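Observations on chain architecture
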Amino acid sequence: MSVVVERISTGVPGLDRILSGGIPKGFLVALAGEPGTGKTILCIHFVAVGLQVGDPCVYVTTEESRESVIRQAAQFGFDFQSGIRAGKLILIDALMREKDRWSLQSLDIEELVQKVIDAKKKLGRGHARLVIDSMSAFWLDRPAMARRYSYQVKRVLTRWNFTIMATTQYAITTAEAFGFGLEHIADGIIRFRKRLIGGRLCRFIICEKMRQTPHDLRAYEIDIIDGRGLVVKHPLRFRVEDTRLPYVVLSRILRAKRRAEEGLTPRDRQE
Ligand SMILES: Nc1ncnc2c1ncn2[C@@H]1O[C@H](COP(=O)(O)OP(=O)(O)OP(=O)(O)O)[C@@H](O)[C@H]1O
Ligand SMILES: [Mg+2]
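Reference entry: report on the structure contained in this document.

1. Some points on the packing of helix α5 (residues 109-123) against helix α6 (residues 146-157)
Contact pair α5 / α6: the axes reach a minimum separation of 11 Å and the direction vectors enclose 20°. Classified by the interaxial angle, the pair formed by α5 and α6 is roughly parallel. Between α5 and α6 the crossing geometry is right-handed. Taking contact as the criterion, the partners of Ile109, Val113 and Val116 in α5 are, on α6, Tyr149, Gln152, Val153, Val156 and Leu157. Here the residues of the contact of α5 with α6 are counted per class, giving seven nonpolar, one polar and no charged.

This is the structure we're talking about:
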């Protein structure tokens, strides 16, 4: 029996190929990784291609201002300002302006969900794309809530006919596993990594999980190019062992996660 999965483009052709054509419609995909590795830029591509194909888009930015996202998009040839003017794109920022309709007054998950629903009502019926950059901003001071908040976002917002890209960062140095809550809940995980090789910063991505998808299991080097954006190059030439976190670091992260979740009730831990 053949099952057809409807897929939507990520906006980066090389990544679509890794994902057998794109992200299954209605999924929540986590973009996880270190600073400066390309997560925000992939979100920009995802919205840019959405606007091209006529999907309404909601873009929540907690790290940067709306203007900064618009400027970054313009550097890659994407005109977000026109999308906003045409009523096809709503950019929501956080803690930037008082009493603004599209500004979150707090990093509160309920307020986020409500604001996104308001935006969806304004954009109209049908499938829409949602970016949340970043999700971890909502649990920075309460990392143990990551899984519960992620579940709430997925449960409520996928009912509103969204396909979602949400970014997450983690601070390995403090042994806090900020990302894991979202990663368990997400339908897919694209991991962004970086490494110095021969004195040059090398960035790469790997699809670690994509439900209902026979995806490529190799890590790919990526480039971020002025005027073009994120480009997927070739599979990594060095071994996975060269880039995997050392065992001792991984076990410290897992121990911290377990400790963080110990204080939670079974309801808090639900998926
Ligand atoms: N116009 C441009 N041309 C070339 N490279 C650029 C351009 N704009 C940004 N970059 C590169 O992209 C990087 C930023 O990528 P991005 O904002 O997607 O990172 P991120 O993974 O979202 O990081 P963070 O977790 O800190 O938000 C910059 O550090 C720079 O190397
Ligand atoms: Mg970013």
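2. Some thoughts on the sheet that holds strand β5 (residues 89-94)
Read across the open sheet, the 10 strands follow the order β6-β5-β4-β7-β8-β3-β9-β10-β11-β12; overall the sheet is mixed. In this open sheet, the two edge strands, each paired with only one partner strand, are β6 (103-104) and β12 (229-235).

3. Let's talk about the site of ligand 1
Not every one of the 15 residues close to ligand 1 is listed here, only the nearest: Pro35, Lys39, Thr40, Ile41 and Asp226. Listed by contribution, the elements that provide at least two residues to the shell around ligand 1 are α2 (39-53) and β11 (220-225). Ranked by residues supplied to the shell around ligand 1, first place goes to α2 with three residues. Classifying every residue of the shell around ligand 1 gives five nonpolar, seven polar and three charged.

4. Observations regarding the environment of Gly33
Checked against the element boundaries, Gly33 lands in strand β3 (residues 28-33). Exposure remark for Gly33: the 24 C-beta atoms within 10 Å place this residue in the buried category. Along the primary structure Gly33 and Thr167 are separated by 134 residues, whereas in three dimensions their C-alpha atoms are 8.1 Å apart. Once residues lying within four places of it in the same chain are set aside, the contact partners of Gly33 are Lys39, Arg191, Phe192 and Arg193.

5. Digging into unusual backbone geometry
The residue after Asp133, namely Ser134, is reached through a cis peptide bond having omega 10°. Checked against the element boundaries, Ser134 lands in the loop between β7 (128-133) and α6. Despite not being glycine, Lys99 shows a phi value in the positive range, around 55°. On the secondary structure map, Lys99 appears in the loop between β5 and β6. Of the residues examined, Lys99 has 6 C-beta atoms within 10 Å and is grouped as exposed.

6. Observations concerning the pairing of β5
Most of β5 sits inside the fold, with six of its six residues counted as buried. Covered by surrounding structure in β5 are Leu89, Leu91 and Asp93 together with Ile90, Ile92 and Ala94, the residues of both alternating faces. Across five bridges, strand β4 (residues 57-61) lies against β5 in parallel orientation. Within β5, the position partnered with Val60 by the bridge is Ile92. Pairing geometry for β5 and β6, over two bridges, is parallel. In the sheet register, Ala94 faces β6, and the bridge partner there is Leu104.

7. Quick look at the nonpolar core
Formed by 70 residues in total, the largest nonpolar core has its most connected members in Val29, Val47, Val58, Tyr59, Leu130, Val131 and Ile164. When residues of this core are assigned to their parent elements, the largest contribution, nine residues, is made by α2. The residues contacting Ile164, other than those within four sequence positions of it, are Leu28, Val29, Leu130, Ile132 and Leu157.

8. Re α2
End to end, α2 covers 22 Å across 15 residues, agreeing with the expected 21 Å (1.5 Å per residue, within 8%). Among the 15 residues of α2, 13 are classified as buried, and the element is accordingly described as predominantly covered. Phi turns positive, to about 90°, at Gly54, one or two residues after α2.

9. Points about the pairing of β4
Along β4, five of the five residues are buried, which leaves the element largely enclosed by surrounding structure. With burial as the criterion, each face of β4 is covered, one bearing Cys57, Tyr59 and Thr61 and the other bearing Val58 and Val60. By the bridge criterion, five bridges tie β4 to β7 in an arrangement that is parallel. Opposite Cys57, over in β7, you have Arg129 as the bridge partner.

About the criteria used
Residues numbered from 1 in each chain as written. Chains lettered and ligands numbered in written order. Predicted model: local features only at pLDDT ≥ 70, side-chain atom pairs only at ≥ 80, totals over all residues. Axes fitted to C-alpha atoms, helices over the stretch in contact; angles between N-to-C directions. Helix = DSSP H or I, 4+ residues; strand = E, 2+ residues; numbered from the N terminus. Parallel < 35°, antiparallel > 145°, perpendicular 65-115°, else oblique. Left-handed = near helix turned anticlockwise from the far one by under 90°. Contact = placed C-beta atoms within 7 Å. Nonpolar A, V, L, I, M, F, W, Y, C, P; charged D, E, K, R; others polar. Pairing = 2+ DSSP bridges. Near = placed C-beta within 6 Å. Buried ≥ 20, exposed ≤ 12 C-beta atoms within 10 Å, placed from the backbone. Core = buried A, V, L, I, M, F, W, Y, C linked by C-beta atoms within 7 Å. Expected span 1.5 Å × (residues − 1).

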